[in-house]
Amino acid sequence: MRTADGTKRRAPGTERPRIAVIGAGIGGLTLAGALTATGTPYVIHEQTRELAEVGAGVQLSPNAIRPLLRLGLGPALEEHAVRIEAMEVRGWNGRPIARTPLGHECERMFSAPYLTIHRAHLHEALLSSTDRDSLNLGRRLRTLEEHPGTGDVRLTFDDGTSSTADVVIGADGIHSTVREVLRRDDPVFSGLGIYRGLVPVDALPPTARERLVRLWLGPGGHFVCYPVASGKLLSYAATVPLDGPPPPESWSREGDPEALRAAFGTWTGLVADIVHAVETTHQWALHDRAPLKAWSTRRITLVGDAAHPMLPFMAQGANQAIEDAMDLAACLTGASHGAIADQLSRYESLRMPRTAEIQRGSRGNAGVLHLPDGPAQRRRDAQMAVHASLRDRAPLYAHETGRSVVPLVGAA
Ligand SMILES: Cc1cc2nc3c(=O)[nH]c(=O)nc-3n(C[C@H](O)[C@H](O)[C@H](O)COP(=O)(O)OP(=O)(O)OC[C@H]3O[C@@H](n4cnc5c(N)ncnc54)[C@H](O)[C@@H]3O)c2cc1C
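If you're wondering where the values come from, they're calculated on a predicted model, not measured in any experiment.

**Looking at the overall build of the protein**
And step 1. In terms of regular secondary structure, the protein is built from 12 helices and 19 strands.
And step 2. In terms of overall dimensions, the protein is globule-like: its C-alpha atoms have a radius of gyration of 22 Å, near the 22 Å expected for 412 residues.
And step 3. Viewed in the frame of its principal axes, the protein has a C-alpha envelope of about 70 × 45 × 40 Å.
And step 4. Burial analysis of the protein (412 residues in total) assigns 46% to the buried set.
And step 5. The long-range share in the protein, meaning contacts at least 24 apart out of those at least 6 apart in sequence, stands at 76%.

Take a look at the structure:
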């Protein structure tokens, strides 16, 4: 029997739901890998014709590494990622503020290392866990519509094609088309811009080879760097105030190396060495959005930046996208057609409180990290030193996701 728009009607609960994922970024590919591991069919629609990740490095903490290991990605991550020994925080003039040991202590406490990796290498690793036949490239979602009678969701794409699904997952990033259907809200400009890029470690003093995540805090801005690509490249991110209207947001927008040098060239040691070695850089305006009160309908939900875009000041955006994907896969695995609405609501209640707290924490850090030198900065430094132990990271790093359903495959 067919409905008015020609799609096939089914008796509720009789078939496995047709799952459509929009976006093959970090969240979409993790979800695909987890669904593949549990034998749950799906399709992904990705707007780009070729999967090539832009951007520089990304930090992965144990809360995201543990599920990736369960998906069997240990060897793929080992190939290019760097195991970080410690996180060091200093003032812009080099004064030590705090040091969090990672390395073996992190692995002992949280059963996973703290890794840094080039985005392209993470993408490659995630892709290896998916069913490549389920990936449709060059398909940009334009609209989607939930049929009130059948519950089918109709998807239309920019290339003029369309399809139908029982459940649609928007993993389509900060400018999510799927989120727009659920709720109209605009990204919020933080007043900050960020320079990002990579420098070969050979162009820098030997200290650049140390397996550290380093942060230097100064008035109005901060500078972060860590090694990626098996230690051959140093990934840096430099946050500065942006006056005037924000430039168009794009991770591939070119920045001016001279402006980067003007902002950070007088900072201490390695910071000055890095900015003087930079030949090309990217720069964009930093946006987030306020936490949502709901991000699902009976058939549609969101993961990652589409659900909870956050400023990068807790280094958790990708980690939270991975956590979302694992919990959602756990909710969808084995779910009958008739149980989808309940499972989406279960997923949302598992994820919403945690991600909202991290969104708010990341926003709050924008003020804390950029204090001018003075009494408030000294109080902040003292607080950071007191709370630098790994035990203080347990609420973030010990959190478990998707464990109940995604089986343990070749954990390393
Ligand atoms: C400067 C900076 C530093 C960061 N550092 C870290 C860090 O150290 N650690 C960390 O955890 N996170 C970090 N993040 C955040 C992290 O990069 C993001 O949170 C993460 O990429 C979100 O993953 P996602 O899958 O939700 O979205 P994305 O990775 O953005 O993927 C979205 C995908 O959807 C596709 N798409 C979009 N629209 C459509 C459409 N209409 N139809 C079809 N496909 C579509 C896109 O092409 C893309 O492939 C950082 C972010 C920034 C800006």
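Read on, since the account is not over.
**Here we look at the site of the ligand**
And step 1. Taken together, 32 residues sit near the ligand, with Gly-23, Gly-25, Gly-173, Gly-304 and Gly-317 positioned nearest.
And step 2. Looking at the shell around the ligand, the elements that each hand over two or more residues are helix H1 (26–37), strand E2 (43–46), strand E3 (57–60), strand E13 (188–200) and helix H9 (317–332).
And step 3. Sort the elements by how many residues they give to the shell around the ligand and H9 lands first, with four residues.
And step 4. Counted by class, the shell around the ligand contains 13 nonpolar, 14 polar and five charged residues.

**A closer look at the nonpolar core**
Proteins that are soluble and globular tend to have nonpolar side chains buried together.
And step 1. With 113 residues, the main nonpolar core has Val-21, Leu-31, Val-168, Ala-238 and Val-303 as its most contacted residues.
And step 2. If sequence neighbours within four positions are ignored, Leu-31 has contacts with Val-21, Ile-169, Ala-171, Val-303, Ala-325, Leu-328 and Ala-329.

**Examining the sheet that holds strand E1 (residues 19–22)**
And step 1. Taking strand neighbours across the sheet as the criterion, the five strands line up as E8-E2-E1-E12-E19 in an open arrangement whose pairing is parallel. Lying at the two open borders of the sheet, with one neighbouring strand each, are strand E8 (135–137) and strand E19 (300–302). With strand direction ignored, the average angle separating the axes of adjacent strands in the sheet is 20 degrees.
And step 2. Here four bridges tie E1 to strand E12 (residues 167–170), and the two strands are oriented parallel to one another. If you follow Ile-19 over to E12, its bridge partner there is Val-167.
And step 3. Strand contacts of H1: E1, E2 and E12, with the helix running at about 155 degrees to E1, the strand carrying the most contacts.

**Observations concerning helix H2 (residues 62–70)**
And step 1. In terms of burial, H2 is a largely internal element, nine of the nine residues being buried.
And step 2. Listed as buried for H2 are Pro-62, Asn-63, Ala-64, Ile-65, Arg-66, Pro-67, Leu-68, Leu-69 and Arg-70.
And step 3. Considering only its buried residues, H2 is in contact with E3, helix H3 (74–80), helix H4 (103–110), strand E7 (115–118), H9 and helix H12 (394–397).
And step 4. Just downstream of H2 lies Gly-72, where phi reads positive at about 85 degrees.

**Focus: the pairing of strand E18 (residues 281–288)**
And step 1. Bridge count for E13 against E18 is six bridges, and the pairing is antiparallel. Counterpart to Arg-196 in the pairing with E18 is His-282.
And step 2. In terms of strand pairing, strand E17 (residues 254–255) meets E18 through two bridges, oriented antiparallel. Paired with Gly-255 across the strands is Thr-281, a residue of E18.

**Let's talk about the confidence of the model for the protein**
And step 1. Predicted confidence across the protein gives a mean pLDDT of 90, with 92% of residues reaching 70 or more.
And step 2. pLDDT under 50 marks residues 1–9. Its contacts with residues more than four places away, or in other chains, come to 12 contacts.

**Thoughts on the packing of H9 against helix H10 (residues 340–369)**
And step 1. Two elements in contact, H9 and H10, have axes separated by 9 Å at closest approach and are oriented at 165 degrees. Relative to H10, the element H9 is oriented roughly antiparallel. Judged by the sense of rotation from one axis to the other, the crossing of H9 with H10 is right-handed. Touching Gln-320, Asp-324, Asp-327, Leu-328, Cys-331 and Leu-332 of H9 are Gln-343, Arg-346, Tyr-347, Leu-350, Arg-351, Thr-355 and Ile-358, all from H10.
And step 2. Here the contact of H9 with H10 is built from residues that sort into six nonpolar, three polar and four charged.

**Some points on helix H11 (residues 375–386)**
And step 1. Compared with the 16 Å implied by 1.5 Å per residue over 12 residues, the 17 Å span of H11 between its first and last C-alpha is a close match.
And step 2. For H11, the tally of buried residues reaches only zero of 12 residues, placing the bulk of the element at the surface.

**Comments concerning the sheet that holds E7**
And step 1. The sheet built from three strands is open, its strands ordered E3-E7-E4 with antiparallel pairing. Looking at which strands have only one partner, the edges of the open sheet turn out to be E3 and strand E4 (82–83).
And step 2. One ladder, built from four bridges, connects E3 with E7; its direction is antiparallel. When the sheet's bridge partners are listed, Gln-59 is paired in E7 with Thr-116.
And step 3. Where helix H5 (residues 119–127) meets the sheet, it contacts E3 and E7, and its direction lies at approximately 95 degrees from that of E7.

**Here we look at the environment of Val-178**
And step 1. Its location among the elements puts Val-178 in helix H6 (residues 177–182).
And step 2. When residues no more than four places from it in sequence are discounted, the contact partners of Val-178 are Ile-22, Leu-144, Val-168, Gly-170, Asp-172, Ile-300, Leu-302 and Ala-306.

**Examining unusual backbone geometry**
And step 1. Despite not being glycine, Ser-111 shows a phi value in the positive range, around 55 degrees.
And step 2. What makes Ser-111 partly exposed here is the crowd of 14 C-beta atoms within 10 Å.
And step 3. Look at Ala-229: it is not a glycine, yet its phi comes out positive at around 55 degrees.

Calculation criteria
Residues numbered from 1 in each chain as written. Predicted model: local features only at pLDDT ≥ 70, side-chain atom pairs only at ≥ 80, totals over all residues. Helix = DSSP H or I, 4+ residues; strand = E, 2+ residues; numbered from the N terminus. Rg over C-alpha atoms; globule rule 2.2 N^0.38 Å. Buried ≥ 20, exposed ≤ 12 C-beta atoms within 10 Å, placed from the backbone. Contact = placed C-beta atoms within 7 Å. Near = placed C-beta within 6 Å. Nonpolar A, V, L, I, M, F, W, Y, C, P; charged D, E, K, R; others polar. Core = buried A, V, L, I, M, F, W, Y, C linked by C-beta atoms within 7 Å. Pairing = 2+ DSSP bridges. Axes fitted to C-alpha atoms, helices over the stretch in contact; angles between N-to-C directions. pLDDT = per-residue confidence, 0-100. Parallel < 35°, antiparallel > 145°, perpendicular 65-115°, else oblique. Left-handed = near helix turned anticlockwise from the far one by under 90°. Expected span 1.5 Å × (residues − 1).

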